[in-house]
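Survey of secondary and tertiary structure
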Amino acid sequence: MSLPVAAPARFLTAAAPGTRVVVRYRIDGGLTDALGHLLACDAGSCTIRTRRADVVIPLERVVAAKEVPPAPPRRHAR
């Protein structure tokens, strides 16, 4: 018997690549977030392209995930 898939993992596996998401997941010592575009998701992990790097997150560590609106336009330097 397999364990049921948590709602955040179901959302990520159903979301289309390119969707802008925020994913909260467990790390040693607490929780952290990844904000960016979903590149891929399979039964074991998802990959989020953040501003700094592509982040691969095991789905068993995900505690929350949702779609977020596009980033606001950058302001011009003064």
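The rules behind each value
Counting starts from 1 at the beginning of each chain's written sequence and moves along it residue by residue. Reporting of local features is limited, given that this is a predicted model, to residues whose pLDDT is at least 70; pairs of side-chain atoms are given and counted only at 80 or more, and all residues count toward the totals for whole chains, interfaces and linings. Side-chain calculation: all heavy atoms of the structure are included, whereas hydrogens and water are not. Helix numbering and strand numbering both begin at the N terminus, where a helix is a DSSP run of H or I of at least 4 residues and a strand a DSSP run of E of at least 2. Think of it in three bands: with a 1.4 Å probe and only protein chains considered, a residue is buried below 20% of the maximum accessible area for its type, exposed above 50%, and partly exposed in between. DSSP calls a pair of strands paired once it identifies at least 2 bridges connecting them. In this description, a line fitted to the C-alpha atoms serves as the axis of each element, helices being fitted only across the stretch in contact, and the angle between N-to-C directions of two axes falls anywhere from 0 to 180 degrees. By definition, residues are in contact when any of their heavy atoms lie within 4.5 Å. Arc definition: it is the arc formed by the directions from the helix axis to the C-beta atoms.

Attention now goes to the overall build of the protein chain. Summing up its helical and strand segments, the protein chain has one helix and five strands in all. Ordered by position from the N terminus, the helices and strands of the protein chain form the series α-β-β-β-β-β. Its C-alpha atoms put the protein chain at 60 × 30 × 15 Å along the principal axes. Among the 78 residues that make up the protein chain, the fraction classed as buried is 29%.

Here five strands make up an open sheet; going across it, the order is 4-3-2-1-5 and the pairing antiparallel. Looking at which strands have only one partner, the edges of the open sheet turn out to be strand 4 (54–58) and strand 5 (62–67). Across the sheet, the mean angle from the axis of one strand to that of its neighbour is 40 degrees, orientation sign disregarded. Examined bridge by bridge, strand 1 (residues 20–27) and strand 2 (residues 30–41) share eight bridges and lie antiparallel to one another. Bridge pairing links arginine 24 to aspartate 33 in strand 2. The strands touched by helix 1 (residues 7–14) within the sheet are strand 1, strand 2, strand 3 (45–49) and strand 5, with strand 5 carrying the most contacts at an inclination of about 45 degrees.

This next bit is on helix 1. The complete set of buried residues in helix 1 reads Pro8, Ala9 and Leu12. Looking straight down helix 1, one finds that the buried residues subtend no more than 95 degrees of arc, so they occupy a single side. Buried residues belonging to helix 1 abut strand 1, strand 2, strand 3 and strand 5.

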